[in-house]
Amino acid sequence: MCNAVTDGDIRRAAADGVHHFADLQARTGCSDCCGCCEQDARATLSRAVQQMTLAIPVVAVA
């Protein structure tokens, strides 16, 4: 990834509540130079956020 930001860094940011690419850029500095990695970083963030959403337990209300 860009600027030494790894996929793991992006997944951790998502776990910490980052859900928008602009917030990811602000937190990690990824894709703030040439933008070559933007598509991959966006995809990684999207997958991480989606996995977080699927992992949230549903509590039944009686």
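Scroll up a little and you will see the structure.
Computed from a prediction, not measured in an experiment: that's the story for all the values here. (Residues numbered from 1 in each chain as written. Predicted model: local features only at pLDDT ≥ 70, side-chain atom pairs only at ≥ 80, totals over all residues. Heavy atoms only, no water.)

Time to look at the overall build of the chain. When you go through the chain residue by residue, the secondary structure sums to three helices and zero strands. Counting from the amino terminus, helix and strand elements in the chain follow one another as α-α-α. Across the 62 residues of the chain, 29% fall into the buried class. Of the contacts formed within the chain by residues at least 6 apart in sequence, a portion of 53% connects residues at least 24 apart. Summing over all exposed atoms, the chain offers an accessible surface of approximately 4300 Å²; the carbon and sulfur share of this is 53%. (Helix = DSSP H or I, 4+ residues; strand = E, 2+ residues; numbered from the N terminus. Buried < 20%, exposed > 50% of the residue type's maximum accessible area, 1.4 Å probe, protein only. Contact = heavy atoms within 4.5 Å. Areas by Shrake-Rupley, 256 points an atom, 1.4 Å probe, with all protein chains shown as cover.)

A few words now on the pattern of salt bridges. One pass over the full model with this rule turns up three salt bridges. A salt bridge links R27 to D16; the shortest N-O distance between them is 3.5 Å. Of this pair, R27 sits in helix α2 (residues 21-28) while D16 is found in the loop between α1 (7-15) and α2, placing the two residues eleven residues apart along the sequence. According to the relative accessible area criterion, R27 is partly exposed, its value standing at 47%. (Salt bridge = Lys/Arg side-chain N within 4 Å of Asp/Glu carboxyl O.)

Quick look at α1 now. Along α1, the residues classified as buried are G8, I10, A13 and A14. Contacts from the buried residues of α1 go to α2 and α3 (38-55). Remark: G17 follows α1 within two positions and exhibits a positive phi of approximately 110°.

Moving on to the environment of T44. Locating T44 in the fold gives a position in helix α3. Owing to a relative accessible area of 5%, T44 belongs among the buried residues under this scheme. In sequence terms T44 and D7 are 37 residues apart; their C-alpha atoms lie 6.7 Å from each other. Of the polar contacts made by the side chain of T44, one reaches the side chain of R47; its length is 3.3 Å. (Polar contact = N/O pair within 3.5 Å; in protein donor to acceptor, adjacent residues only side chain to side chain.)

Turning to the packing of α1 against α3, a few remarks are in order. Packing of α1 against α3 leaves a shortest axis separation of 9 Å and a crossing angle of 45°. On the basis of the axis angle, α1 is oblique to α3. Considering how the two elements wind past one another, α1 and α3 form a crossing that is right-handed. Contacts from D7, I10, R11, A14 and A15 of α1 reach α3 at A41, T44, L45, A48, V49 and M52. In the contact of α1 with α3, the residues fall into eight nonpolar, one polar and two charged. (Axes fitted to C-alpha atoms, helices over the stretch in contact; angles between N-to-C directions. Parallel < 35°, antiparallel > 145°, perpendicular 65-115°, else oblique. Left-handed = near helix turned anticlockwise from the far one by under 90°. Nonpolar A, V, L, I, M, F, W, Y, C, P; charged D, E, K, R; others polar.)

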